[in-house]
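Fold and geometry: a report
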Amino acid sequence: IGVVQLRGVFQPGDFDQCMRAQGLTPARPLVKRVDNAAVEHEIATTKDLEAALDVQIIGSLAPGARIVVYEAPDDERGFLDAISAAVFDEEHAPSVLSISYGWPEHLWTPVALRILDELLTVAALTGVSVFCSSGDNGAELDYDGEPHVLAPASSPFAIACGATVISADAQAQEQAWEKSGGGFSERFDVPSWQDAARSAVPQGVNAGRGVPDIAAQEQPGYYVVMDGVELAMGGTSAVAPMWSALTARLNQRLGVPIGFFSP
């Protein structure tokens, strides 16, 4: 399982503590630096928490999987180069890629979005399942007051991951999380397997590729250790690694990668 990490530091001690607490002994993730990424910094950031969240959820749910972290700079080129490094990694050849990052489509340059879509197309054609979080800000109402979706989740060749919550009542019902990212792409057309979604597009909104494709619970949260402190973390950033771990287990059971399964 490959994990794209933008400017966050993987802490082996936190990973080991999280695994020990659950009675697990997975191999430590391998770290590959992309574009000579400089990730060291004195004050912990949300990206360090993301680094812990991704690998610890995967290690907990697929302890037999080899995890490779592609650490890259937090910019457009770093993002693309990290995905490229994972997709074309002949040494480790991940069959699953987890991406818990994204920016509203209008913040990407058009050429970068085209390269992004081409990279994810290659992943789909080579049997790599790419899971991308759809975001934690609902419709991403930005400066223009209009709804937006995040890329890379909005690429038709990504598997976009939304979030649900489990109620605390006796029925333990599952429902959509109100902050789960979602909507319709302004840059990518509706893929053939989403034709039925055209009728759900509100008037005045572009009938683009719909996000998300799948979901999983983000509350009450997943067990994560950060700087030695135990936390319960959620959000769509937790759903992408959860689905990545599940898919690795499916791949193992089937004996072949299920790859790009959205169609």
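Anyway, here's the lowdown on the structure attached to this text. (Residues numbered from 1 in each chain as written. Predicted model: local features only at pLDDT ≥ 70, side-chain atom pairs only at ≥ 80, totals over all residues. Heavy atoms only, no water.)

Focus on the environment of Arg77
The following threshold applies: Strands are runs of DSSP state E lasting at least 2 residues, helices are runs of H or I lasting at least 4, and numbering of each runs from the N terminus. In this scheme, a residue with accessible area under 20% of its type's maximum is buried, one over 50% is exposed, and one in between is partly exposed, where area comes from a 1.4 Å probe on protein chains only.
By secondary structure assignment, the location of Arg77 is in helix 3 (residues 76–87). Take Arg77: its relative accessible area is 61%, and that puts it in the exposed class.

Topic: the pattern of salt bridges
For clarity, the threshold we go by: Each salt bridge in this description consists of a side-chain nitrogen of Lys or Arg and a carboxyl oxygen of Asp or Glu lying within 4 Å of one another.
The tally for this structure, following the rule as stated, stands at eight salt bridges. Here Asp74 ties to Lys47 by a salt bridge, and the two come within 3.2 Å at their closest N and O atoms. Separated by 27 residues along the polypeptide, Asp74 in the loop between strand 3 (68–72) and helix 3 and Lys47 in helix 2 (residues 46–61) bring together distant segments of the chain. Classification of Asp74 by relative accessible area gives partly exposed; the value is 32%. We classify Lys47 as partly exposed; its relative accessible area is 23%. Linking Arg77 and Asp81 is a salt bridge whose minimum nitrogen-to-oxygen distance equals 3.2 Å.

Overview of helix 1 (residues 12–21)
Condition: Working definition: the arc comes from the directions between the helix axis and the C-beta atoms, pointing outward to the latter. We call two residues contacting when some pair of their heavy atoms lies within 4.5 Å.
What helix 1 keeps buried is the set Asp14, Phe15, Cys18 and Met19. Angular distribution of buried residues about the axis of helix 1 spans 130 degrees; they occupy a single face of the element. Among the exposed residues of helix 1, those pointing more than 90 degrees away from its buried face are Arg20 and Ala21. Residues of helix 1 that are buried make contact with helix 2 and strand 13 (222–226). Once helix 1 ends, the next one or two residues include Gly23, with phi positive near 70 degrees.

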